[in-house]
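Below, each chain spelled out in residue letters.
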Amino acid sequence: MSDHKEDDNKTGISRRGFLGATAAASVAGAGLAAGVLVGGKEAEARTKTNANGLKFHVDPGELDDYYGFWSGGHSGEVRILGVPSMRELMRIPVFNRDSATGWGQTNESKRILGDNPQDYMGAGDTHHVHASYTNGTYDGRYLFTNDKLNTRVARIRMDIMKTDKIITVPNVTSIHGLRLQKYPKSNYAFANGEMVIPQPNDGRDLENPENYWTMLSAIDVESMEVKWQVLVDGNLDNNDTDYQGKYVCSTCYNSARGVTLPEMMGPERDWAVVINLKAVEEAVAAGDFTTIGDCKVPVVDGRGAEQGGSKFTMYIPVPRSPHGLNTTPDGKYFIANGKLSPTVSIIEIAKVDDYFAGKLKDPRDAVIAEPELGLGPLHTTYDNRGNAYTSVFLDSQVVKWNIADALRAAKGEKVNYIRQKLDVHYQIGHIKATMAETKEPDGKWLVALCKFSKDRFLPVGPLHAENDQLIDISGDEMKLVHDGPTFPEPHDCIMVRRDSVRPARVWKRDDPYFAETVAMAKADGITLEQDNKVIRDGNQVRVYMTTIAPNFGLTDFKIKQGDEVTVVITNMDSIEDLHHGFALTNHGINFEIAPQATASVTFTANKPGVHWYYCSWFCHALHMEMSGRMLVEAA
Ligand code: RUQ
Ligand code: CUA
């Protein structure tokens, strides 16, 4: 161990020395460029506060106040941005494949991807990313995201910022809305199956859409098992939970369960459906459920929209084709966004309590106001001063409005509840304010996730960046302060105060993430932290090696053409940020090994000859020299 320590020290010094020189050169370069492009005065102005006194330019070396977690849309990933700088800090591969980290290629990631990842070709569609809660605010444990494309839900560990579990949700198609329970803590993630399908979907009843249904699924946050599902009328779009741990509420834009656009557009009104968690859990515990096909998951029947609902569900009519559903941070209201209607519907949660207690007969009476905001309301977010901010897609605006005033106006008082309409650029989808999905909103920043950027950036071909605009909402007036281009296409984001996120600096050797690989090594009699050995087992060969910058533990290993080779690498460097990579030429293999981590890959060696491997993550002045040879004997 003392040897390792010494090596670590040496590495640290030489690495600092080498990087130091590079960094100095690039800073000098950046300084020159800034001088030419921006000019002294303007550069100076940018470091100042804006009109509301909030500092939005984060100087070099300064840290952001918030972690922003962005869904990556059909890139299939999740991204971490610093807010307010909008600097992209990291990408977390989830349903996609990633060349830099080896996600989708290492054995550790394949175990997580499961379900024949080849069937999905590394494709996914992450719309929503939400973090786990304790007591109504973020606890820094997990992020969850959906895969609309392949009906999956993924969990990301926030200590290591890696996806650690992915499940395919049974009995439904296309997970869209996804939210976590907020109180007392996130025991469940609630996943909306968006599209209606035959039950079971096994080739029967293909052409009888009247027998197509969908469900809400409750996923245990720790075990990632689907605990139960609720069969509903209509379909499920977006959802949110309350602050008492009692409900999940979803919008439905296809109450007719139509399969064509005209059919979907048929009814005058659609609805928001509230699911009563306690009633469902009691039914499941009492065995009052069915199952579908071979699937063992308990399914509770929550249909009954025509009567207003069932003991599990309450169907609240709202104007046709609602979209986003957002709970106010005081826990009093669900707000359903109209999309085709210029209004949002304010649903009083106390009236939902009354309904399930038998005290309110008509679910329509739970809607206490429908303020008109503008064309195409999609999503709503909140500050800490009683204001709501709604994205209106067709008008390309953020509409700031006051909730209490909207309720007074609904009672006939002459008040203007609209505070401001701010143009955004362009076609805004989601909208999110800092900490707005917790009981601790802080009303500082808001991000408008605009689908189009048109003329806002240099054109880069027919495909354009999206534009995530940063807006200061701390004062009376909203102020646009920054245009943030993003690669298509994040749908949603959350912004989490930085003190509630505690990422690890290096891996722990006993991390469950690579426990199976450790167990395999143990069975081979290998101590991963020190052994550099090749184990042959028939035509299966396991190559174990350590890395300490700038050396691979093995500078060569010999195998035979046709062998199934597993290369297992353990990075014994323990300096923060000192990654190595294992890149095997002409085999399409590359993955990262972070400090104190173990990572492995399995492939068939079908090309005789000498094949070099090299380190692909910059680690040392002798990084280029960090290499070795795989010698493959012809069969
Ligand atoms: S919802 S279209 Cu987040 Cu607006 Cu997926
Ligand atoms: Cu090790 Cu670069």
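Computed from a prediction, not measured in an experiment: that's the story for all the values here.

Next up on the list: the overall build of the chain. Across its full length, the chain holds nine helices and 40 strands. Out of the 635 residues belonging to the chain, those deemed buried represent 56%. Summarising the internal contacts of the chain: among those between residues at least 6 apart in sequence, 60% fall at separations of at least 24. For the chain, the accessible surface area stands at approximately 26,600 Å², while carbon and sulfur atoms represent 53% of it. A distance of 2 Å separates the average location of the 68 positive side-chain charges in the chain from that of its 84 negative side-chain charges.

Here four strands make up an open sheet; going across it, the order is 4-5-6-7 and the pairing antiparallel. Strands at the two margins of the open sheet, each flanked by one partner only, are strand 4 (129-134) and strand 7 (162-168). Going from strand to strand, the sheet's axes swing by 30° on average, the running direction of each strand aside. When strand 5 (residues 137-147) meets strand 6 (residues 152-157), the two strands line up antiparallel, connected through six bridges. In the sheet register, Thr145 faces strand 6, and the bridge partner there is Ala154.

This paragraph deals with the site of ligand 1. The full set of residues close to ligand 1 is His127, His128, His176, Asn238, His323, His379, His430 and His491. Class assignment of the residues belonging to the shell around ligand 1 gives a composition of no nonpolar, eight polar and no charged.

The four strands are arranged 26-27-28-29 in an open sheet whose pairing can be described as antiparallel. Every other strand in the sheet has two partners, leaving strand 26 (428-433) and strand 29 (479-486) as the edge strands with one partner each. Shown here is a sheet whose adjacent strand axes are inclined to one another by a mean of 20°, direction ignored. Examined bridge by bridge, strand 27 (residues 445-450) and strand 28 (residues 466-472) share six bridges and lie antiparallel to one another. Paired with Leu446 across the strands is Ile471, a residue of strand 28.

Before going further, it helps to examine the packing of aromatic side chains. For the structure on display, the rule yields 16 aromatic pairs. Aromatic side chains Trp507 and Phe514 sit 5.7 Å apart centroid to centroid with 45° between the ring planes, which places their arrangement in the tilted category. Of the two residues examined, Trp507 and Phe514, each falls in the buried class. Ring centres of Phe552 and Tyr613 lie 5.2 Å apart, and the angle between their planes is 80°; on these two criteria the pair is classed as edge-to-face. You can see Phe552 sitting in strand 33 (residues 551-552) and its partner Tyr613 sitting in strand 39 (residues 609-614), a full 61 residues away along the chain. Residue class for Tyr613 comes out buried when judged on its relative accessible area of 0%. Through a chain of ring-to-ring contacts, the aromatic side chains of Phe552, Phe557, Phe582, Phe591 and Tyr613 assemble into a single cluster. Positioned above the aromatic ring of Tyr243, the side-chain terminus of Lys182 is 5.0 Å from the ring centre. A cation over an aromatic ring shows up here: Lys454 above the ring of Tyr426, its NZ or CZ 4.6 Å from the ring centre.

Of all 11 residues in strand 5, 10 are buried; the element is thus mostly enclosed. In this structure, the hairpin formed by strand 4 and strand 5 is closed by a connection of two residues, where Asn135 is found at a positive phi of approximately 55°.

Phe69, Val153, Met545, Phe557, Val567 and Phe582 are the most contacted members of the largest nonpolar core, which has 91 residues in total. If you count residues domain by domain, this core takes at least three from each of domain 1 (180-370) and domain 2 (518-633). The next biggest cluster of nonpolar side chains, apart from the first, holds 22 residues, and it includes Tyr188, Ala218, Cys252 and Ala279.

Let's shift gears to the domain arrangement of the chain. Considered domain by domain, the chain is made up of domain 1 (180-370) and domain 2 (518-633). For domain 1 and domain 2, the distance between their C-alpha centroids amounts to 50 Å.

On to the side chain of Gln469. Examined against the element boundaries, Gln469 turns out to sit in strand 28. One polar contact links Gln469 to Asp483, side chain to side chain, over a distance of 2.6 Å. Those residues in contact with Gln469 that sit more than four places away from it in its chain are Val424, His425, Leu446, Val447, Ala448, Cys450, Arg456, Leu480, His482 and Asp483.

By the definition in use, this model includes 46 salt bridges. Note that Glu516 is salt-bridged to Arg111, the shortest N-O span being 3.3 Å. In this pair, Glu516 sits in helix 9 (residues 515-523) while Arg111 sits in helix 3 (residues 107-113), placing the two residues 405 residues apart along the sequence. The class for Glu516 is exposed, based on a relative accessible area of 52%. The shortest N-O distance in the salt bridge between Arg509 and Glu529 comes to 2.8 Å. Placement of the pair is Arg509 in the loop between strand 30 (493-497) and helix 9 and Glu529 in the loop between helix 9 and strand 31 (533-537), with a sequence separation of 20 residues. Given a relative accessible area of 27%, Glu529 falls into the partly exposed group.

The next thing to look at is unusual backbone geometry. Across residues other than glycine, the phi torsion is negative in most instances, and most of the peptide bonds are trans. Omega for the bond connecting Val83 with Pro84 falls within 30 degrees of zero, at 15°, which places this linkage in the cis form. As for its placement among the helices and strands, Pro84 is situated in the loop between strand 2 (77-83) and strand 3 (87-93). Cis peptide bonds are those with omega within 30 degrees of zero, and the linkage from His425 to Tyr426 qualifies with -10°. Topologically, Tyr426 is positioned in the loop between strand 25 (418-423) and strand 26. Its identity is not glycine, yet Arg257 carries a phi of approximately 50°, on the positive side. With respect to the helices, strands and loops of the structure, Arg257 is situated in the loop between strand 14 (247-252) and helix 5 (261-264).

What follows concerns the environment of Pro488. Relative to the assigned elements, Pro488 resides in the loop between strand 29 and strand 30. Spatially, the C-alpha atoms of Pro488 and Asn467 are 9.5 Å apart, while their sequence positions differ by 21 residues.

Looking now at the environment of Gly104. As for its placement among the helices and strands, Gly104 is situated in the loop between strand 3 and helix 3. C-alpha of Gly104 to C-alpha of Lys246: the two residues are 142 residues apart in sequence and 38 Å apart in space. For Gly104, the contacting residues outside a window of four places in its chain are Arg97, Ser109, Lys110 and Leu113.

Below, the discussion takes up helix 8 (residues 403-410). Considered for burial, the residues of helix 8 that qualify are Ile403, Asp405, Ala406 and Leu407. Where helix 8 starts, the residue carrying a side-chain oxygen 3.1 Å from the main-chain nitrogen of Ala404 turns out to be Asn402.

Rules and cut-offs
Residues numbered from 1 in each chain as written. Chains lettered and ligands numbered in written order. Predicted model: local features only at pLDDT ≥ 70, side-chain atom pairs only at ≥ 80, totals over all residues. Heavy atoms only, no water. Helix = DSSP H or I, 4+ residues; strand = E, 2+ residues; numbered from the N terminus. Buried < 20%, exposed > 50% of the residue type's maximum accessible area, 1.4 Å probe, protein only. Contact = heavy atoms within 4.5 Å. Areas by Shrake-Rupley, 256 points an atom, 1.4 Å probe, with all protein chains shown as cover. Lys, Arg positive; Asp, Glu negative; His and termini not counted. Charge placed at Lys NZ, Arg CZ, Asp CG, Glu CD. Pairing = 2+ DSSP bridges. Axes fitted to C-alpha atoms, helices over the stretch in contact; angles between N-to-C directions. Near = heavy atom within 4 Å. Nonpolar A, V, L, I, M, F, W, Y, C, P; charged D, E, K, R; others polar. Phe/Tyr/Trp six-rings, centres within 6.5 Å; stacked < 30°, edge-to-face > 60°. Lys NZ or Arg CZ within 6 Å of the ring centre and 35° of its normal. Core = buried A, V, L, I, M, F, W, Y, C linked by side-chain atoms within 4.5 Å. Domains from an automatic or database assignment. Polar contact = N/O pair within 3.5 Å; in protein donor to acceptor, adjacent residues only side chain to side chain. Salt bridge = Lys/Arg side-chain N within 4 Å of Asp/Glu carboxyl O.

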